[in-house]
Protein chains: 2
Amino acid sequence: MKIICLGTSAGLPTKERNTQTTVLSLNPHYNEYWMFDCGEAAQHQILHTNIKLGKLTRIFITHLHGDHIFGLPGILTSRSFQGGEHKPLTIYGPVGIRAFVETTLEVSASHLNYPLEIIEVVDKQCFQIHDINIKVGLLKHGVPSFGYRVKMPDIQGNLMKEKLIEQGILPGPIYKQFKNNAVVTIDNITYDTAQFKTESKKGKVLVFYGDTMPCENEMILAHDADVIVHECTYLDGDIDLSHKYFHSHFEDVKQLVIQCNVKHLIINHVSNRYAREDIQCLLSEIEHQLNCTVHIADDFYTYELN
Amino acid sequence: MKIICLGTSAGLPTKERNTQTTVLSLNPHYNEYWMFDCGEAAQHQILHTNIKLGKLTRIFITHLHGDHIFGLPGILTSRSFQGGEHKPLTIYGPVGIRAFVETTLEVSASHLNYPLEIIEVVDKQCFQIHDINIKVGLLKHGVPSFGYRVKMPDIQGNLMKEKLIEQGILPGPIYKQFKNNAVVTIDNITYDTAQFKTESKKGKVLVFYGDTMPCENEMILAHDADVIVHECTYLDGDIDLSHKYFHSHFEDVKQLVIQCNVKHLIINHVSNRYAREDIQCLLSEIEHQLNCTVHIADDFYTYELN
């Protein structure tokens, strides 16, 4: 799996950074891309990657501010011409996303050649897509803003065939039962199958946040996450000022990852007033303070999860 | 004055060419920019120019297809933060442009800090903005598509002071009357003021077209124009095919400039399937066939009118 940051600016695009767009490549689990937010010119950014629009199957919108949605009409219409034909797409987002999408498509006389579903989400809503669980959490911003916690399925341990053979259980269809079930009964003997499997691996947890100031839901979503993608509009200065604008200060994000035992932090939506040098300088300070790897994302920053 | 092509592709953006956006710089007549169509990422293109969003006073939309309007929400909202505060902006476009702008701004909770007026235009409508005349013409496309003929004011000739003095008319406030009026009467003698002025210059005529196949209004707009900016989706192949999609073939555009005595032709909206080499090759052929200069615009192509 990969997280690809296609747009990392705050509010306005700059020459170097586009407005908010993050893509999750589910490969090798699924040959699909999911997108989190869709800033203007997201489709332009994709032209500089190997992401195929036809393989974009879900778009999760965190909130309706323009820097997070103005790329949606372009992505939707271009997808018809770029391998999306007949391939369903689902958009998740706050109430209002349907009016935005339907009006922009209708006014522009755009006819999509694939089925489009739009789901307006609410706090604490859960989805299962394939065997992936998605949990929605309402954050605290000037408009309704959501975070999406994505929990990949646990990876089952491998069968230890030698150990089964030692017990006189020979290869055959019974092995499938040992693989898939917690207990298996043969000739009135019940086996705890965990004894015959290498340890299973917990599925990765990834959290994609909308703009927010600190709140309880933010912590619920982040709990024990492998990676979170979080805004950090303010890197320095007055923490109260950042909350006045319903945004996060770096001290907020630091507390979040410490308290929730987050393993990797990807920061985006850093205010455009910070120069790259300031950001690099801060980053080297941060890494000493946290028990977690940190990256302040530029456009096209890619994080690989093994 | 300058025409600056910010987006020249057809339908979809490419790595090299953005969707339709053309800017007219009115300097030195007025310190303003007018925009014709506003494809997605128009604001991103502007970042690479010296155009100031605060000086963008009018946006003329030719038609509502996405490649001509999806940049509008971004331009409008960013303008609030980039020098546009309190500076009025007017959008002209087909019926539907109001719903598009109002819905996108409302859903995204965008509050502009300047007055915005939206005018839905009809065929043959005329506007006077400052001393510039704009004439609207309905073209022939899959959706209502308009062209805008912009007629700059005529430039008055200069007074030939020696000739006035020869007639005993000495410098003073009377000279202003000679400059501004067709006739002036002094001591019962009526003077034809044209005799005392160098020749006046006709104001330049510029025409900005929406997508269209050939039609009568297209010719009415182009008549004796100094420069037209016209789509030419098809450079070769079957002319009927281009009309099936309500677009122009190069043969159509050639006939237009010949029949309407156009002095300079800027072609945009060339299908993305043509490589730059093909375009250059065609261009060198064209120039022998026409009594008019021709440019097939890349992004950032700039045409200066003296």
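This write-up is about the structure you can find in this document.

Conventions adopted
Residues numbered from 1 in each chain as written. Chains lettered and ligands numbered in written order. Predicted model: local features only at pLDDT ≥ 70, side-chain atom pairs only at ≥ 80, totals over all residues. Heavy atoms only, no water. Pairing = 2+ DSSP bridges. Helix = DSSP H or I, 4+ residues; strand = E, 2+ residues; numbered from the N terminus. Axes fitted to C-alpha atoms, helices over the stretch in contact; angles between N-to-C directions. Contact = heavy atoms within 4.5 Å. Buried area = accessible area lost by both parts, 1.4 Å probe. Salt bridge = Lys/Arg side-chain N within 4 Å of Asp/Glu carboxyl O. Polar contact = N/O pair within 3.5 Å; in protein donor to acceptor, adjacent residues only side chain to side chain. Nonpolar A, V, L, I, M, F, W, Y, C, P; charged D, E, K, R; others polar.

1. Examining the sheet that holds strand E4 (residues 56-60) of chain A
Residue and element names in this part refer to chain A.
- Spatially, E6-E5-E4-E3-E2-E1-E16 is the arrangement adopted by the 7 strands of the open sheet, whose pairing is mixed. With partners counted over all chains shown, the strands left at the sheet margins are strand E6 (116-120) and strand E16 (302-304), one partner each. Direction aside, neighbouring strands of the sheet carry axes that sit 15° apart on average.
- Docked against the sheet, helix H4 (residues 97-107) engages strand E5 (89-93) and E6, running at close to 150° with respect to E6.

2. A word on the sheet that holds strand E1 (residues 2-7) of chain B
Residues and elements named next belong to chain B.
- Strand order in the open sheet formed by 7 strands is E6-E5-E4-E3-E2-E1-E16, with mixed pairing between adjacent strands. Edge positions in the sheet fall to strand E6 (116-120) and strand E16 (302-304), since each of these pairs with one other strand and no more. Ignoring which end each strand starts from, the neighbouring axes of this sheet average 15° apart.
- Relative to strand E2 (residues 21-25), E1 runs antiparallel, the two sharing 5 bridges. Bridging from a neighbouring strand, Ile4 pairs with Val23 of E2.
- Against the sheet, helix H4 (residues 97-107) makes contact with strand E5 (89-93) and E6, and its axis sits at roughly 150° relative to E6, the strand it touches most.

3. Some thoughts on the interface of chain B and chain A
- In this assembly, 34 residues from chain B lie in contact with 34 residues from chain A.
- Of all residues in chain B, the largest losses of buried area upon contact with chain A belong to B:Glu40, B:Phe70 and B:Val107, amounting jointly to 24% of the total for that side.
- Applying the counting rule to chain B against chain A returns 0 salt bridges.
- Across the chain B-chain A interface, the total number found is 6 residue pairs in polar contact (both at pLDDT 80 or more).
- Only helix H1 (42-46), helix H2 (66-69), helix H3 (72-81) and H4 of chain B provide two or more residues apiece to the side of chain B that touches chain A.
- Among the residues forming the side of chain B that touches chain A, the class breakdown is 15 nonpolar, 17 polar and 2 charged.

Keep in mind these values describe shape, not function.
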